[in-house]
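What follows is the residue order along each chain.
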Amino acid sequence: MKAVVANLSKGVARGKVTSEVQSLCLGNLESTSDFAHAIGGAELIIEAVPERLELKQALVAKVYEESSMTPYFATNTSSLSVTEIAAASPHPARVCGMHFFNPVHIMELLEIVAAEQTSDDTLAMAQSLGERMGKTHIVVNDSAGFATSRLGLILGLEAMRMLETGVATAEEIDAAMELGYRHPMGPLKLTDLVGLDVRLAIAEYLHQEIGEQFRPPQILRRLVRAGRLGKKSGHGFYRWG
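Attention in this report is confined to the structure presented alongside it.

Definitions and limits used
Residues numbered from 1 in each chain as written. Predicted model: local features only at pLDDT ≥ 70, side-chain atom pairs only at ≥ 80, totals over all residues. Heavy atoms only, no water. Pairing = 2+ DSSP bridges. Helix = DSSP H or I, 4+ residues; strand = E, 2+ residues; numbered from the N terminus. Right-handed = clockwise from strand over helix to strand, strands pointing away. Buried < 20%, exposed > 50% of the residue type's maximum accessible area, 1.4 Å probe, protein only. Polar contact = N/O pair within 3.5 Å; in protein donor to acceptor, adjacent residues only side chain to side chain. Contact = heavy atoms within 4.5 Å. Axes fitted to C-alpha atoms, helices over the stretch in contact; angles between N-to-C directions. Phe/Tyr/Trp six-rings, centres within 6.5 Å; stacked < 30°, edge-to-face > 60°. Lys NZ or Arg CZ within 6 Å of the ring centre and 35° of its normal. Parallel < 35°, antiparallel > 145°, perpendicular 65-115°, else oblique. Nonpolar A, V, L, I, M, F, W, Y, C, P; charged D, E, K, R; others polar.

**Re the pairing of strand β5 (residues 136–141)**
Part 1: By the bridge criterion, six bridges tie strand β4 (residues 109–114) to β5 in an arrangement that is parallel. What sits directly across from L109, in β5, is T136.
Part 2: Crossover β4 to β5 through helix α6 (residues 120–132) is right-handed.

Here it is in structure tokens:
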């Protein structure tokens with residue numbers, strides 16, 4: 001909640017958000033640690049729990065056990081099988097993927113993932129909601145890593161291998177992609193923002209599901225073991241203030 005307030009306040013300071021919109025946003029937002037209260041009366045549940053399949057499956061099952069309605073359920077997973085998550089639900093046709101990108105209030109893209117069981121009605125709901133949020137959406141069929149994580153991760157892993165073998169520094173590798181290819185953020189800085197532990201988990205999953213090109217580099221494993229998880233820990237490939 002502090003982060004949300006800080007983001008809105010920054011928007012007001014920069015003239016991109018009015019104080020009236022800030023008040024409206026905060027008035028529409030509620031935080032709670034009471035699960036039943038959180039899902040009560042909800043038409044759509046969007047989960048963003050850690051990237052563990054069994055955790056997401058348990059959550060979708062619990063939602064339908066405890067909800068008095070039959071809500072749509074969207075998973076924000078960046079790589080796991082939406083089909084397997086949906087299989088844990090008694091209403092799998094109402095489950096889809098809605099993959100947002102960090103920072104969510106700035107990034108335009110919404111990746112909508114259709115599981116094997118996802119109904120046309122559920123897809124239409126996700127597309128309509130994305131448009132109301134001001135997002136540009138793409139729709140992909142359920143496959144390990146979808147479109148974005150699969151492409152983005154392969155670039156990040158190769159950048160790590162280049163750093164590991166001394167091709168260039170982290171700053172130089174990132175500058176190459178930012179200035180040479182107009183990426184808004186280099187692959188190593190982006191990894192720090194996402195979290196090295198998150199990227200390691202995704203790489204291990206895609207290595208298992210797709211193949212050798214996603215084998216995690218040793219530098220990634222070493223940094224995660226050392227607790228250098230990126231911006232959230234203050235140190236990853238970069239030091240953060």
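**Side note on the environment of E209**
Part 1: Looking at the element boundaries, E209 is found in helix α10 (residues 196–209).
Part 2: E209 sits in the partly exposed class, given a relative accessible area of 42%.

**Overview of the side chain of E111**
Part 1: Within the secondary structure, E111 sits in strand β4.
Part 2: Looking at E111, its side chain comes within polar contact range of the main-chain nitrogen of A147, at 3.0 Å.
Part 3: Filtering out sequence-adjacent residues up to four positions away, E111 remains in contact with G97, M98, H99, F101, I138, V140, F146, A147 and T148.

**Overview of the pairing of strand β3 (residues 95–99)**
Part 1: Across the five residues of β3, five count as buried, placing the element largely inside the fold.
Part 2: By the alternation rule, side chains of β3 split into V95, G97 and H99 and C96 and M98, which are all buried.
Part 3: Note: strand β2 (residues 72–75) against β3, three bridges, orientation parallel. Across the sheet, F73 pairs through a bridge with V95, a residue of β3.
Part 4: Since β2 and β3 lie parallel, the crossover through helix α5 (residues 82–87) that links them has a hand, and here it is right-handed.

**Some points on the sheet that holds β4**
Part 1: Pairing is mixed in the open sheet, where five strands are placed in the order β1-β2-β3-β4-β5. Pairing within the sheet leaves two strands with one partner each, and these edge strands are β1 (44–47) and β5. The sheet shows a mean angle of 25 degrees between the axes of neighbouring strands, direction not considered.
Part 2: When β1 meets β2, the two strands line up parallel, connected through four bridges. Each residue of the ladder has a partner; that of I45, found in β2, is F73.

**So, the packing of aromatic side chains**
Part 1: For the structure shown, the criterion picks out zero aromatic pairs.
Part 2: Above the face of the F35 ring, K62 is positioned so that its terminal group lies 4.4 Å from the ring centre.
Part 3: The ring of Y238 is capped by K189, whose NZ or CZ atom sits 5.5 Å from the centre of that ring.

**Side note on the packing of helix α7 (residues 148–164) against α10**
Part 1: Contact geometry of α7 with α10 gives a least axis separation of 11 Å together with a crossing angle of 110 degrees. Of the possible angle classes, the one that applies to α7 and α10 is roughly perpendicular. Two secondary-structure elements touch here, α7 through R150, G152, L153, G156 and L157 and α10 through R199, I202, A203 and L206.
Part 2: Split into classes, the residues belonging to the contact of α7 with α10 amount to five nonpolar, two polar and two charged.

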